[in-house]
Amino acid sequence: MIRLFDGHCDTAYELWRSGQPLEENTCHIDLRKASAFGAYAQVFAFCSYAGRADVDCAAMLTEPLAVLRKEVRENAACIAFADTRETILETLAEGKTAALLSVEGAEVIACDPRNLAALRGQGFRMLTLTWNADNALAGCHQSDGGLTAQGRAFVREAQALDILVDVSHLGERAFWNLVDITAKPILASHSNARALCDHSRNLTDDQLRAIAETGGTVGLNLYPPFLGEHADFETLLRHLEHMLTVCGETHVALGGDLDGCDFLAAGFASVADYADFYAFLSARGYAEDLLDRLFFRNLLALF
(Lines give C-alpha, C1' and ligand atoms only; values in the text may rest on other atoms or scores of the structure.)
Protein backbone atom coordinates (compact mmCIF):
# COMPACT_ATOMS: atom_id res chain seq x y z
CA MET A 1 0.00 0.00 0.00
CA ILE A 2 1.52 3.33 -1.07
CA ARG A 3 0.98 6.18 1.34
CA LEU A 4 1.39 9.61 -0.27
CA PHE A 5 1.78 13.01 1.37
CA ASP A 6 2.49 15.80 -1.14
CA GLY A 7 3.49 19.17 0.25
CA HIS A 8 2.33 21.58 -2.44
CA CYS A 9 -0.31 21.87 -5.15
CA ASP A 10 -2.24 24.74 -6.76
CA THR A 11 -5.34 22.68 -7.47
CA ALA A 12 -7.74 24.91 -5.53
CA TYR A 13 -6.86 27.82 -7.79
CA GLU A 14 -7.35 25.66 -10.90
CA LEU A 15 -10.77 24.49 -9.69
CA TRP A 16 -11.77 28.12 -9.09
CA ARG A 17 -10.38 29.27 -12.44
CA SER A 18 -11.84 26.46 -14.54
CA GLY A 19 -15.08 25.77 -12.68
CA GLN A 20 -14.32 22.04 -12.61
CA PRO A 21 -15.22 19.73 -9.69
CA LEU A 22 -12.72 18.06 -7.38
CA GLU A 23 -14.19 14.60 -7.90
CA GLU A 24 -13.03 14.32 -11.53
CA ASN A 25 -11.44 16.96 -13.74
CA THR A 26 -8.67 17.69 -16.24
CA CYS A 27 -6.31 19.01 -13.53
CA HIS A 28 -3.30 17.12 -12.19
CA ILE A 29 -5.27 16.25 -9.04
CA ASP A 30 -8.77 14.93 -8.51
CA LEU A 31 -10.29 12.41 -6.13
CA ARG A 32 -10.48 9.63 -8.72
CA LYS A 33 -6.81 9.97 -9.57
CA ALA A 34 -6.01 9.97 -5.84
CA SER A 35 -7.77 6.63 -5.40
CA ALA A 36 -4.55 4.97 -6.63
CA PHE A 37 -3.16 5.30 -3.09
CA GLY A 38 -3.87 3.48 0.12
CA ALA A 39 -3.58 6.78 1.97
CA TYR A 40 -3.26 10.30 0.57
CA ALA A 41 -2.65 13.66 2.23
CA GLN A 42 -2.31 16.82 0.16
CA VAL A 43 -1.34 20.38 1.02
CA PHE A 44 -3.45 22.81 -1.00
CA ALA A 45 -1.69 26.15 -1.47
CA PHE A 46 -3.31 29.54 -2.06
CA CYS A 47 -1.01 31.80 -4.04
CA SER A 48 -1.02 35.59 -3.83
CA TYR A 49 0.18 36.07 -7.44
CA ALA A 50 1.74 39.27 -6.09
CA GLY A 51 3.32 41.46 -8.73
CA ARG A 52 0.60 40.88 -11.32
CA ALA A 53 -1.14 44.17 -11.96
CA ASP A 54 -4.58 42.64 -12.50
CA VAL A 55 -4.65 40.55 -9.29
CA ASP A 56 -6.40 41.22 -6.00
CA CYS A 57 -4.10 39.28 -3.68
CA ALA A 58 -6.69 38.93 -0.89
CA ALA A 59 -9.20 37.46 -3.34
CA MET A 60 -6.63 34.84 -4.35
CA LEU A 61 -7.16 33.39 -0.89
CA THR A 62 -10.84 33.92 -0.24
CA GLU A 63 -12.31 32.91 -3.58
CA PRO A 64 -10.40 29.66 -4.31
CA LEU A 65 -10.71 28.72 -0.62
CA ALA A 66 -14.49 29.04 -0.82
CA VAL A 67 -14.45 26.74 -3.85
CA LEU A 68 -12.29 24.14 -2.11
CA ARG A 69 -14.45 24.21 1.01
CA LYS A 70 -17.54 23.66 -1.12
CA GLU A 71 -15.90 20.73 -2.93
CA VAL A 72 -14.83 19.13 0.35
CA ARG A 73 -18.38 19.45 1.72
CA GLU A 74 -19.83 17.88 -1.41
CA ASN A 75 -17.34 15.00 -1.28
CA ALA A 76 -17.35 14.52 2.48
CA ALA A 77 -17.39 10.74 2.12
CA CYS A 78 -13.88 10.74 0.66
CA ILE A 79 -12.05 13.93 1.73
CA ALA A 80 -11.81 16.04 4.89
CA PHE A 81 -9.70 18.90 6.18
CA ALA A 82 -6.95 18.15 8.69
CA ASP A 83 -4.34 20.32 10.38
CA THR A 84 -2.41 18.14 12.86
CA ARG A 85 -0.67 14.78 12.75
CA GLU A 86 -3.54 13.30 14.76
CA THR A 87 -6.31 14.62 12.51
CA ILE A 88 -4.38 13.61 9.39
CA LEU A 89 -4.07 10.03 10.63
CA GLU A 90 -7.69 9.93 11.80
CA THR A 91 -8.88 11.14 8.40
CA LEU A 92 -6.76 8.58 6.58
CA ALA A 93 -7.97 5.81 8.90
CA GLU A 94 -11.50 6.66 7.79
CA GLY A 95 -10.45 6.03 4.19
CA LYS A 96 -10.54 9.71 3.25
CA THR A 97 -8.03 12.06 1.65
CA ALA A 98 -6.60 14.53 4.19
CA ALA A 99 -6.61 18.11 2.86
CA LEU A 100 -4.25 20.64 4.46
CA LEU A 101 -4.05 24.37 3.81
CA SER A 102 -1.08 26.61 2.97
CA VAL A 103 -0.48 30.19 1.87
CA GLU A 104 1.98 30.96 -0.94
CA GLY A 105 2.83 34.62 -0.55
CA ALA A 106 1.77 36.50 2.57
CA GLU A 107 0.19 39.30 0.55
CA VAL A 108 -3.08 37.36 0.82
CA ILE A 109 -3.23 38.53 4.46
CA ALA A 110 -1.57 41.91 3.75
CA CYS A 111 1.77 40.68 5.22
CA ASP A 112 0.33 41.63 8.62
CA PRO A 113 1.31 39.53 11.66
CA ARG A 114 -1.99 40.51 13.29
CA ASN A 115 -3.85 38.52 10.62
CA LEU A 116 -2.06 35.24 11.34
CA ALA A 117 -4.32 34.15 14.21
CA ALA A 118 -7.36 34.33 11.95
CA LEU A 119 -5.49 32.38 9.27
CA ARG A 120 -4.60 29.66 11.76
CA GLY A 121 -8.22 29.68 12.91
CA GLN A 122 -9.24 28.76 9.36
CA GLY A 123 -7.06 25.67 9.54
CA PHE A 124 -3.89 26.89 7.80
CA ARG A 125 -0.64 25.24 8.92
CA MET A 126 1.96 26.42 6.35
CA LEU A 127 2.97 29.59 4.55
CA THR A 128 5.67 31.06 2.37
CA LEU A 129 6.62 34.65 3.10
CA THR A 130 6.89 35.57 -0.59
CA TRP A 131 5.87 34.36 -4.01
CA ASN A 132 7.75 35.81 -7.00
CA ALA A 133 7.98 39.41 -5.81
CA ASP A 134 9.53 41.17 -2.83
CA ASN A 135 7.08 42.29 -0.18
CA ALA A 136 6.99 43.97 3.23
CA LEU A 137 8.36 40.81 4.85
CA ALA A 138 11.26 39.65 2.70
CA GLY A 139 13.02 39.43 -0.63
CA CYS A 140 11.89 36.72 -3.03
CA HIS A 141 14.13 34.22 -4.83
CA GLN A 142 14.75 36.72 -7.64
CA SER A 143 16.29 39.39 -5.38
CA ASP A 144 18.88 39.88 -2.65
CA GLY A 145 16.43 41.46 -0.22
CA GLY A 146 16.62 40.21 3.36
CA LEU A 147 14.07 39.60 6.08
CA THR A 148 12.62 42.93 7.26
CA ALA A 149 11.76 43.86 10.85
CA GLN A 150 8.12 43.20 9.94
CA GLY A 151 9.17 39.88 8.47
CA ARG A 152 10.91 38.89 11.70
CA ALA A 153 7.81 39.74 13.72
CA PHE A 154 5.70 37.81 11.21
CA VAL A 155 7.88 34.69 11.52
CA ARG A 156 7.82 34.79 15.31
CA GLU A 157 4.04 35.11 15.38
CA ALA A 158 3.55 32.37 12.78
CA GLN A 159 5.73 29.95 14.71
CA ALA A 160 3.99 30.83 17.98
CA LEU A 161 0.75 29.77 16.27
CA ASP A 162 2.31 26.51 14.98
CA ILE A 163 2.26 27.67 11.37
CA LEU A 164 5.20 26.15 9.49
CA VAL A 165 7.35 28.65 7.60
CA ASP A 166 8.05 27.45 4.06
CA VAL A 167 11.19 28.83 2.36
CA SER A 168 10.26 27.93 -1.21
CA HIS A 169 10.24 31.22 -3.21
CA LEU A 170 12.32 32.97 -0.53
CA GLY A 171 15.49 34.84 -1.47
CA GLU A 172 18.85 33.53 -0.29
CA ARG A 173 19.67 36.46 1.98
CA ALA A 174 16.20 36.31 3.53
CA PHE A 175 16.63 32.56 3.94
CA TRP A 176 19.74 32.98 6.09
CA ASN A 177 18.09 35.76 8.10
CA LEU A 178 15.25 33.31 8.79
CA VAL A 179 17.63 30.53 9.80
CA ASP A 180 19.18 32.92 12.33
CA ILE A 181 15.87 33.49 14.14
CA THR A 182 13.80 30.35 13.59
CA ALA A 183 12.61 28.64 16.75
CA LYS A 184 11.05 25.68 14.95
CA PRO A 185 11.66 23.47 11.90
CA ILE A 186 11.38 25.17 8.53
CA LEU A 187 10.68 23.48 5.21
CA ALA A 188 11.02 24.00 1.49
CA SER A 189 7.77 22.48 0.29
CA HIS A 190 8.62 22.44 -3.44
CA SER A 191 12.26 23.19 -4.28
CA ASN A 192 15.09 21.14 -5.82
CA ALA A 193 18.89 21.04 -5.69
CA ARG A 194 20.72 24.01 -7.19
CA ALA A 195 23.89 21.93 -7.53
CA LEU A 196 22.08 19.98 -10.26
CA CYS A 197 19.98 22.79 -11.78
CA ASP A 198 21.12 26.37 -11.31
CA HIS A 199 17.76 28.08 -10.81
CA SER A 200 16.99 30.68 -8.16
CA ARG A 201 14.01 28.61 -6.99
CA ASN A 202 16.36 25.77 -6.07
CA LEU A 203 18.46 25.43 -2.93
CA THR A 204 22.21 25.36 -2.44
CA ASP A 205 23.77 22.50 -0.50
CA ASP A 206 24.33 24.85 2.44
CA GLN A 207 20.63 25.73 2.43
CA LEU A 208 19.63 22.07 2.21
CA ARG A 209 21.83 21.26 5.20
CA ALA A 210 20.45 24.20 7.16
CA ILE A 211 16.85 23.09 6.64
CA ALA A 212 17.72 19.58 7.79
CA GLU A 213 19.47 20.97 10.87
CA THR A 214 16.26 22.73 11.91
CA GLY A 215 14.42 19.40 11.65
CA GLY A 216 12.61 20.38 8.46
CA THR A 217 12.11 18.81 5.04
CA VAL A 218 12.75 19.59 1.37
CA GLY A 219 10.06 18.56 -1.12
CA LEU A 220 10.98 17.26 -4.58
CA ASN A 221 9.43 19.48 -7.28
CA LEU A 222 8.28 17.97 -10.61
CA TYR A 223 8.63 21.13 -12.74
CA PRO A 224 11.27 20.63 -15.50
CA PRO A 225 12.81 24.16 -15.31
CA PHE A 226 13.76 23.32 -11.70
CA LEU A 227 15.12 19.89 -12.69
CA GLY A 228 17.12 20.39 -15.87
CA GLU A 229 16.67 19.71 -19.57
CA HIS A 230 14.63 16.69 -20.69
CA ALA A 231 13.56 15.99 -17.11
CA ASP A 232 12.28 12.49 -16.46
CA PHE A 233 12.33 9.86 -13.68
CA GLU A 234 16.12 9.62 -13.99
CA THR A 235 16.44 13.38 -13.45
CA LEU A 236 14.14 13.21 -10.44
CA LEU A 237 16.23 10.36 -9.08
CA ARG A 238 19.41 12.45 -9.36
CA HIS A 239 17.85 15.32 -7.41
CA LEU A 240 16.41 12.93 -4.88
CA GLU A 241 19.72 11.17 -4.29
CA HIS A 242 21.56 14.47 -4.02
CA MET A 243 19.11 15.74 -1.42
CA LEU A 244 19.29 12.47 0.49
CA THR A 245 23.08 12.71 0.56
CA VAL A 246 23.06 16.32 1.76
CA CYS A 247 20.00 16.29 4.05
CA GLY A 248 19.68 12.68 5.22
CA GLU A 249 16.83 10.21 4.89
CA THR A 250 14.52 11.90 7.42
CA HIS A 251 14.51 15.32 5.75
CA VAL A 252 13.44 14.70 2.13
CA ALA A 253 9.80 14.64 1.01
CA LEU A 254 7.58 15.35 -1.99
CA GLY A 255 6.19 18.68 -3.19
CA GLY A 256 5.20 18.18 -6.79
CA ASP A 257 3.83 21.68 -7.56
CA LEU A 258 0.95 19.89 -9.27
CA ASP A 259 -1.50 22.22 -11.00
CA GLY A 260 1.07 24.98 -10.51
CA CYS A 261 3.02 23.92 -13.61
CA ASP A 262 2.07 23.95 -17.26
CA PHE A 263 4.09 20.75 -17.78
CA LEU A 264 5.77 18.12 -15.61
CA ALA A 265 8.75 15.80 -15.80
CA ALA A 266 8.28 13.02 -18.37
CA GLY A 267 6.41 10.15 -16.80
CA PHE A 268 4.11 12.46 -14.84
CA ALA A 269 0.71 13.56 -16.08
CA SER A 270 -1.15 13.58 -12.75
CA VAL A 271 -0.88 12.72 -9.07
CA ALA A 272 -1.62 9.08 -9.94
CA ASP A 273 1.82 8.80 -11.54
CA TYR A 274 3.50 8.96 -8.15
CA ALA A 275 2.68 5.24 -8.09
CA ASP A 276 4.87 4.70 -11.15
CA PHE A 277 7.66 6.77 -9.63
CA TYR A 278 7.41 4.71 -6.43
CA ALA A 279 7.75 1.51 -8.51
CA PHE A 280 10.71 3.03 -10.38
CA LEU A 281 12.51 3.83 -7.14
CA SER A 282 11.72 0.40 -5.72
CA ALA A 283 13.24 -1.22 -8.81
CA ARG A 284 16.35 0.92 -8.25
CA GLY A 285 16.78 -0.60 -4.81
CA TYR A 286 14.96 1.85 -2.55
CA ALA A 287 13.71 -0.08 0.46
CA GLU A 288 10.04 0.05 1.44
CA ASP A 289 10.83 1.86 4.70
CA LEU A 290 12.79 4.60 2.92
CA LEU A 291 10.07 4.99 0.31
CA ASP A 292 7.45 5.39 3.04
CA ARG A 293 9.63 8.07 4.63
CA LEU A 294 10.01 9.97 1.37
CA PHE A 295 6.44 9.58 0.21
CA PHE A 296 4.72 10.04 3.56
CA ARG A 297 6.33 9.93 6.99
CA ASN A 298 8.91 12.72 6.75
CA LEU A 299 6.35 15.38 5.92
CA LEU A 300 3.86 13.98 8.42
CA ALA A 301 6.45 14.39 11.18
CA LEU A 302 6.43 18.18 10.75
CA PHE A 303 2.78 18.31 11.83
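A quick note: this is a predicted structure, and the numbers were derived from the prediction, not measured.

**Thoughts on the overall build of the chain**
From N to C terminus, the chain includes 11 helices and 8 strands. Over its C-alpha trace the chain gives a radius of gyration of 18 Å, about what one expects of a compact globule, namely 19 Å for 303 residues. For the chain, the proportion of its 303 residues judged to be buried stands at 61%. Of the contacts formed within the chain by residues at least 6 apart in sequence, a portion of 70% connects residues at least 24 apart. Accessible area for the chain stands at about 11,500 Å²; split by element, carbon and sulfur atoms hold 48% of it. Between the centroid of the 24 positive side chains of the chain and the centroid of its 42 negative side chains there is a distance of 4 Å.

**Points about the side chain of glutamate 71**
As for its position among the elements, glutamate 71 is in helix α3 (residues 59-74). Here glutamate 71 is buried and forms no salt bridge, its nearest opposite-charge partner lysine 70 lying at an N-O distance of 4.0 Å. Leaving out residues up to four positions away in the same chain, glutamate 71 has contacts with Leu15, Gln20, Pro21, Leu22 and Glu23.

**As for empty space enclosed by the protein**
Over the atoms a probe the size of a water molecule is rolled, and this reveals where empty space is left. The final tally for this structure, using the stated rule, is 1 cavity of 30 Å³ or more. Approximately 30 Å³ is the volume attributed to the largest cavity. Surrounding the largest cavity, Gly7, Leu187, Ala188, Ser189, Thr217, Val218, Gly219, Ala253, Leu254 and Leu299 form its lining. Of all the secondary-structure elements, those providing two or more residues to the lining of the largest cavity are β7 (218-220) and β8 (252-254).

**Re the packing of aromatic side chains**
Scanning the model with the defined rule gives 19 aromatic pairs in all. Aromatic side chains phenylalanine 5 and phenylalanine 303 sit 5.7 Å apart centroid to centroid with 20° between the ring planes, which places their arrangement in the stacked category. Of the two residues, phenylalanine 5 sits in strand β1 (residues 3-9) while phenylalanine 303 sits in the segment after α11 (288-301), which places them 298 residues apart along the sequence. A relative accessible area of 1% places phenylalanine 5 in the buried class. A residue is classified by how much of its surface remains accessible, and phenylalanine 303, at 12% relative accessible area, is buried.

**Side note on the pattern of salt bridges**
Tallied over the entire structure, the rule returns 16 salt bridges. Taking the shortest distance from any N to any O, the salt bridge between lysine 70 and glutamate 74 comes out at 3.0 Å. On the criterion of helical spacing, the pair formed by lysine 70 and glutamate 74 is a turn pair, its members being 4 residues apart in helix α3. Assessed through its relative accessible area of 37%, lysine 70 is described here as partly exposed. Connected via shared salt-bridge partners are Arg3, Asp289, Asp292, Arg293 and Arg297.

**Focus on the packing of helix α7 (residues 172-181) against helix α8 (residues 205-214)**
Contact geometry for α7 and α8: axes closest at 11 Å, N-to-C directions at 25°. When the interaxial angle is binned, α7 and α8 end up roughly parallel. Of the two elements, α7 crosses α8, and the hand of that crossing is left-handed. Where α7 approaches α8, its residues Glu172, Phe175, Trp176 and Val179 are matched on the opposing element by Asp206, Gln207, Ala210 and Ile211. Residues belonging to the contact of α7 with α8 are distributed by class as follows: 5 nonpolar, 1 polar and 2 charged.

Parameters and conventions
Residues numbered from 1 in each chain as written. Predicted model: local features only at pLDDT ≥ 70, side-chain atom pairs only at ≥ 80, totals over all residues. Heavy atoms only, no water. Helix = DSSP H or I, 4+ residues; strand = E, 2+ residues; numbered from the N terminus. Rg over C-alpha atoms; globule rule 2.2 N^0.38 Å. Buried < 20%, exposed > 50% of the residue type's maximum accessible area, 1.4 Å probe, protein only. Contact = heavy atoms within 4.5 Å. Areas by Shrake-Rupley, 256 points an atom, 1.4 Å probe, with all protein chains shown as cover. Lys, Arg positive; Asp, Glu negative; His and termini not counted. Charge placed at Lys NZ, Arg CZ, Asp CG, Glu CD. Salt bridge = Lys/Arg side-chain N within 4 Å of Asp/Glu carboxyl O. 1 Å grid on protein atoms, 1.4 Å probe; cavity = no way out; pocket = protein on both sides within 12 Å on 5 of 7 lines; lining within 4 Å. Points joined across faces, edges and corners; volume = space filled by probe spheres on them. Phe/Tyr/Trp six-rings, centres within 6.5 Å; stacked < 30°, edge-to-face > 60°. Axes fitted to C-alpha atoms, helices over the stretch in contact; angles between N-to-C directions. Parallel < 35°, antiparallel > 145°, perpendicular 65-115°, else oblique. Left-handed = near helix turned anticlockwise from the far one by under 90°. Nonpolar A, V, L, I, M, F, W, Y, C, P; charged D, E, K, R; others polar.

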